[in-house]
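The primary structure of each chain is shown beneath.
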Amino acid sequence: MAAVYWIGLALGLGVSVGILLSGLLASGRAGIAAAVVGAAAAGAALGFLVSGSGEAIAGAIGGVAGAGGSAAVVRGALRRGGVRGATAALIGLAALVCALLALVPFLGYVEAVIVPALGARVRRREADRYAGLRILARD
């Protein structure tokens, strides 16, 4: 039972590191890629600090899930006129809350599922641009 807790903790900490790096770096495609790679490396390092190789793998998976899931939220906020510093501060606060929630047994697993699901939902709800609507606005 203890191994399940430590793997969940590493997974949740990886998610929170991914969210933090996404908030700091995810302003474009290259930033998202850097956030995902950096979060995987940082999550693996945190996993090794927690216990061992199983936790390192879980931390890396959590980092990828956190960075990939929160990148849509960060890019959407910046696209709609959000200030980079304020967005990074709010996302950093969310990462801190996720790290604290990872200390609760089994919530690290829940975070690793919910964050990418919320990111996919945000991506689906983004408005598409249609050429026909821009043509009508030429009056």
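Whatever comes next refers back to the structure up there.
Here's what I pulled together on the structure shown here. Just so we're clear, the structure is a prediction, and the values are computed from it rather than from any experiment. (Residues numbered from 1 in each chain as written. Predicted model: local features only at pLDDT ≥ 70, side-chain atom pairs only at ≥ 80, totals over all residues. Heavy atoms only, no water.)

**Things to note about the packing of helix α1 (residues 2–25) against helix α4 (residues 84–101)**
- Interaxial distance between α1 and α4 falls to 8 Å at its minimum, and their mutual angle equals 180 degrees. Compared by their axis directions, α1 and α4 come out roughly antiparallel. Contact residues: α1 offers L13, S16, I19, L20, G23 and L24, while α4 offers A88, I91, G92, A95, C98 and A99.
- Among the residues making up the contact of α1 with α4, the classes are represented as nine nonpolar, three polar and no charged. (Axes fitted to C-alpha atoms, helices over the stretch in contact; angles between N-to-C directions. Helix = DSSP H or I, 4+ residues; strand = E, 2+ residues; numbered from the N terminus. Parallel < 35°, antiparallel > 145°, perpendicular 65-115°, else oblique. Contact = heavy atoms within 4.5 Å. Nonpolar A, V, L, I, M, F, W, Y, C, P; charged D, E, K, R; others polar.)

**Remarks on unusual backbone geometry**
- One non-glycine residue with positive phi stands out, namely F106, at about 75 degrees.
- The topology assignment puts F106 in the loop between α4 and α5 (107–125).
- Judged by its relative accessible area of 44%, F106 falls in the partly exposed class. (Buried < 20%, exposed > 50% of the residue type's maximum accessible area, 1.4 Å probe, protein only.)

**Comments concerning the packing of aromatic side chains**
- In this structure the tally under the stated criterion is two aromatic pairs.
- Ring geometry for Y5 versus W6: centroids 5.1 Å apart, planes at 70 degrees, classification edge-to-face.
- On the accessibility criterion, Y5 (27% relative accessible area) is partly exposed. (Phe/Tyr/Trp six-rings, centres within 6.5 Å; stacked < 30°, edge-to-face > 60°.)

**So, the layout of surface pockets**
- What the largest pocket holds in volume is close to 230 Å³.
- Lining of the largest pocket is provided by I19, G69, S70, V73, I91, A94, C98, L101, E111, I114, V115 and L118.
- Counting only elements with at least two residues in the lining of the largest pocket, the list comes to α3 (53–79), α4 and α5.
- Class assignment of the residues belonging to the lining of the largest pocket gives a composition of nine nonpolar, two polar and one charged. (1 Å grid on protein atoms, 1.4 Å probe; cavity = no way out; pocket = protein on both sides within 12 Å on 5 of 7 lines; lining within 4 Å. Points joined across faces, edges and corners; volume = space filled by probe spheres on them.)

**Notes on a nonpolar patch on the surface**
- A cluster of nonpolar side chains, namely L93, L96, V97, L100, L101, L103 and V104, defines an oily patch on the protein surface of about 610 Å² accessible area.
- Note on placement: V97 falls in helix α4. (Patch = residues over 30% accessible without salt bridge, like charges linked within 9 Å, V, L, I, M, F, W, Y side chains within 5 Å. Areas by Shrake-Rupley, 256 points an atom, 1.4 Å probe, with all protein chains shown as cover. Salt bridge = Lys/Arg side-chain N within 4 Å of Asp/Glu carboxyl O.)

**Here we look at the packing of α1 against α3**
- Between α1 and α3, whose axes approach to 6 Å, the crossing angle comes to 35 degrees. The handedness of the crossing between α1 and α3 comes out as right-handed. Here A3, W6, I7, A10, L11, G14, V15, G18, I19, S22 and G23 of α1 come into contact with α3, specifically with E55, A58, G59, I61, G62, G63, G66, A67, S70, A71 and V74.
- Broken down by class, the residue content of the contact of α1 with α3 amounts to twelve nonpolar, nine polar and one charged. (Left-handed = near helix turned anticlockwise from the far one by under 90°.)

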